[in-house]
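Here are the chains, one letter per residue:
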Amino acid sequence: MTDKDDKSQVIEKIRKHEKDTGSTEVQVGLLTERINKLSSHFEIHKKDHHSRKGLLMMISRRRKLLDYLRQSDFAIYRKVLKTFNLRK
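A short tour of the structure in this document, coming up. (Residues numbered from 1 in each chain as written. Predicted model: local features only at pLDDT ≥ 70, side-chain atom pairs only at ≥ 80, totals over all residues. Heavy atoms only, no water.)

**A short note on the overall build of the chain**
The condition is simple: Helix numbering and strand numbering both begin at the N terminus, where a helix is a DSSP run of H or I of at least 4 residues and a strand a DSSP run of E of at least 2. With a 1.4 Å probe rolled over the protein chains alone, any residue whose accessible area is under 20% of its type maximum counts as buried; one over 50% counts as exposed, and the rest are partly exposed. By the convention used here, residues are in contact when the closest approach between their heavy atoms is within 4.5 Å. Where accessible areas are quoted, they stem from the Shrake-Rupley method and a 1.4 Å probe; at the residue level, only the protein chains shown are allowed to cover.
The helix and strand tally for the chain stands at four helices and zero strands. When the elements of the chain are put in sequence order from the N terminus, they spell out α-α-α-α. Expressed along its principal axes, the backbone C-alpha trace of the chain runs to roughly 40 × 30 × 20 Å. Across the 88 residues that make up the chain, the buried fraction comes to 32%. Counting contacts in the chain only where the partners sit at least 6 residues apart, residues at least 24 apart contribute 49% of the total. A total accessible area of about 6500 Å² is found for the chain, and carbon and sulfur atoms account for 51% of it.

What follows is the structure, encoded as structure tokens:
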């Protein structure tokens, strides 16, 4: 599967309406997908510290988006956590 297919599957899973590609939930889903791919990359390339910094920045961005979602709409926050198997 290509990255474009993976991205469209994530958007299909969590979007609010037909043209929703940038809501907070979709952003969290896309970041989660990229984080999971990079995590598997580090199992092979243990010394790739430049990419590790990018991973940490993505994790931080996802955490901020989840904090915003928790404050604005708690029900959607719980749905996103359950959908992407995130723990909090």
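**Section: the nonpolar core**
The test is simple: To qualify as a nonpolar core, a set must consist of buried Ala, Val, Leu, Ile, Met, Phe, Trp, Tyr and Cys residues joined through side-chain atoms within 4.5 Å.
Ranked by internal contacts, the top residues of the largest apolar core, which has 20 residues, are Val 28, Leu 66, Val 80, Phe 84 and Leu 86. For this core, the leading source of residues is helix α2 (residues 24-44), giving seven residues. Not counting residues up to four positions away in its chain, the partners in contact with Leu 86 are Val 28, Thr 32, Arg 62, Leu 66 and Leu 81.

**Looking at helix α1 (residues 3-14)**
For the record, the criterion: A helix is expected to span 1.5 Å for every residue after the first. What the arc describes is the spread of directions from the helix axis to the C-beta atoms.
Taking 1.5 Å per residue, twelve residues should reach 16 Å; α1 reaches 17 Å between its end C-alpha atoms and fits that length. Here α1 has its buried residues at Asp 6, Val 10, Ile 11 and Ile 14. All buried residues of α1 lie within an arc of 135° about the axis, which places them on one face of the element. Buried residues in α1 make contact with α2 and α4 (74-83).

**Here we look at helix α3 (residues 49-72)**
In a regular helix each residue adds 1.5 Å, so 24 residues correspond to 34 Å; α3 covers 35 Å between its end C-alpha atoms and thus fits that length. Of all the residues in α3, the buried ones are Leu 55, Met 58, Arg 62, Leu 65, Leu 66 and Leu 69. Of the surrounding secondary structure, the elements contacted by the buried residues of α3 are α2 and α4.

**Let's talk about a positive patch on the surface**
The line we're drawing: Excluding any residue in a salt bridge, patches collect residues exceeding 30% relative accessible area, merging like charges within 9 Å and nonpolar Val, Leu, Ile, Met, Phe, Trp and Tyr side chains within 5 Å. A side-chain nitrogen of Lys or Arg and a carboxyl oxygen of Asp or Glu constitute a salt bridge if their distance falls within 4 Å. Counted charges follow a simple rule, with Lys and Arg positive, Asp and Glu negative, and His plus the chain ends left uncounted. Every charge is mapped onto a representative atom, which is NZ of Lys, CZ of Arg, CG of Asp or CD of Glu.
A contiguous patch of positive charge, built from Lys 7, Arg 34, Arg 61 and Lys 64, is present on the exposed surface. With respect to the secondary-structure elements, Arg 61 resides in helix α3.

**Concerning the packing of α2 against α3**
For clarity, the cut-off: What counts as an axis is a line fitted to C-alpha atoms, over the stretch in contact for a helix, and the angles between N-to-C directions run from 0 to 180 degrees. Geometric relationships in this document are graded by angle, where less than 35 degrees denotes roughly parallel, more than 145 denotes roughly antiparallel, 65 to 115 denotes roughly perpendicular, and other angles denote oblique. Note on convention: near helix rotated counterclockwise from far helix by under a right angle means a left-handed crossing. Clockwise means right-handed. Residues are sorted three ways: Asp, Glu, Lys and Arg are charged, Ala, Val, Leu, Ile, Met, Phe, Trp, Tyr, Cys and Pro are nonpolar, and all the rest, Gly among them, are polar.
Where α2 contacts α3, the axes come no closer than 9 Å and their chain directions differ by 155°. Taken as axis vectors, α2 and α3 run roughly antiparallel relative to one another. Both α2 and α3 take part in a crossing whose hand is left-handed. Here Thr 24, Glu 25, Gln 27, Val 28, Leu 31, Thr 32, Arg 34, Ile 35, Leu 38, Ser 39 and Phe 42 of α2 come into contact with α3, specifically with Ser 51, Arg 52, Leu 55, Met 58, Ile 59, Arg 61, Arg 62, Leu 65, Leu 66, Tyr 68 and Leu 69. Across the contact of α2 with α3, the residue classes tally to twelve nonpolar, five polar and five charged.

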